[in-house]
Amino acid sequence: QVQLVESGGGSVQAGGSLRLSCAVSGTIFRLNTMTWYRQGPGKQRELVAGISIGGSPNYGDSVKGRFTISRDNAKNTVYLQMNSLKSEDTAVYYCTAKHWGDERTTWGQGTQVTVFS
């Protein structure tokens, strides 16, 4: 059974930084495309960042230049470094995994990020 466990969320002042982690088990991690989504209060869920099996990143327009996604295949973990945080980054952040060749996407339980000014 694939399991994703996010950590690293919390409260931070605007302009600050946080690093989210997502530890993955129950699958061959290096064969998964990993993606971070978020859903803020009263907002639709949006893509934050993704990283391919080969390590190529992509970012949502609202976080380009501020957030960095990375993966450590040895640790079965994907990271999201968030810098220059804004109040509009306040959301529950979810990690997802999609195994190569599989139609299913597995979601983590989410971690809350709150940015206050």
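The coordinates are above.
This write-up is about the structure you can find in this document.

**Regarding the overall build of the protein**
Consideration 1: Secondary structure summary: the protein contains 0 helices and 11 strands in total.
Consideration 2: Along the chain direction, N to C, the helices and strands of the protein fall in the order β-β-β-β-β-β-β-β-β-β-β.
Consideration 3: Taken against the 2.2 N^0.38 rule, which gives 13 Å for 117 residues, the C-alpha radius of gyration of the protein at 13 Å falls within 12% of a compact globule.
Consideration 4: When the backbone C-alpha atoms are referred to their principal axes, the protein occupies close to 40 × 25 × 20 Å.
Consideration 5: For the protein, with 117 residues in total, the buried portion stands at 38%.
Consideration 6: The long-range share in the protein, meaning contacts at least 24 apart out of those at least 6 apart in sequence, stands at 53%.
Consideration 7: Accessible surface, the protein as shown: approximately 6,200 Å² in total, 47% of it carbon and sulfur.

**Remarks on the packing of aromatic side chains**
Consideration 1: This structure, assessed with the given rule, holds 2 aromatic pairs.
Consideration 2: Ring geometry for Tyr94 versus Trp107: centroids 6.0 Å apart, planes at 70°, classification edge-to-face. With Tyr94 in strand 9 (residues 91–99) and Trp107 in strand 10 (residues 106–107), the pair connects residues that are 13 residues apart, well separated along the chain.
Consideration 3: Taken together, the ring pairs connect Tyr37, Tyr94 and Trp107 into an aromatic cluster.
Consideration 4: Seen from the ring of Tyr37, Arg45 lies directly overhead, with NZ or CZ sitting 5.9 Å from the centre.
Consideration 5: Positioned above the aromatic ring of Phe29 is the side chain of Arg71, whose terminal nitrogen or guanidinium carbon lies 4.6 Å from the ring centre.

**Considerations on the sheet that holds strand 3 (residues 18–25)**
Consideration 1: An order of 1-3-8-7 is seen for the 4 strands of this open sheet, with the pairing classed as antiparallel. Sheet topology places strand 1 (3–7) and strand 7 (67–72) at the edges, where each strand pairs with a single neighbour. Sheet twist, expressed as the average angle between the axes of neighbouring strands with direction ignored, equals 15°.
Consideration 2: In this structure, strand 1 lies alongside strand 3, joined through 5 bridges in antiparallel fashion. Bridge pairing in strand 3 links Leu4 to Val24.

**Examining the nonpolar core**
Consideration 1: By size, the foremost hydrophobic cluster in this structure holds 25 residues, and its most contacted members are Met34, Trp36, Val78, Leu80, Met82 and Tyr93.
Consideration 2: Of all the secondary structure elements, the ones that give two or more residues to this core are strand 3, strand 4 (32–39), strand 5 (46–51), strand 7, strand 8 (77–82), strand 9 and strand 11 (111–116).
Consideration 3: Residues contacting Met82, with those up to four places away along its chain left out, are Gly16, Ser17, Leu18, Leu20, Arg66, Phe67, Tyr93 and Val113.

**Topic: unusual backbone geometry**
Consideration 1: You will see that Asn76, though not glycine, has its phi angle at about 55°, which is positive.
Consideration 2: Relative accessible area serves as the criterion here: at 28%, Asn76 is assigned to the partly exposed category.
Consideration 3: Unlike most non-glycine residues, Ser84 shows phi in positive territory, near 50°.
Consideration 4: Along the chain, Ser84 turns up in the loop between strand 8 and strand 9.

Quick notes on the rules
Residues numbered from 1 in each chain as written. Predicted model: local features only at pLDDT ≥ 70, side-chain atom pairs only at ≥ 80, totals over all residues. Heavy atoms only, no water. Helix = DSSP H or I, 4+ residues; strand = E, 2+ residues; numbered from the N terminus. Rg over C-alpha atoms; globule rule 2.2 N^0.38 Å. Buried < 20%, exposed > 50% of the residue type's maximum accessible area, 1.4 Å probe, protein only. Contact = heavy atoms within 4.5 Å. Areas by Shrake-Rupley, 256 points an atom, 1.4 Å probe, with all protein chains shown as cover. Phe/Tyr/Trp six-rings, centres within 6.5 Å; stacked < 30°, edge-to-face > 60°. Lys NZ or Arg CZ within 6 Å of the ring centre and 35° of its normal. Pairing = 2+ DSSP bridges. Axes fitted to C-alpha atoms, helices over the stretch in contact; angles between N-to-C directions. Core = buried A, V, L, I, M, F, W, Y, C linked by side-chain atoms within 4.5 Å.

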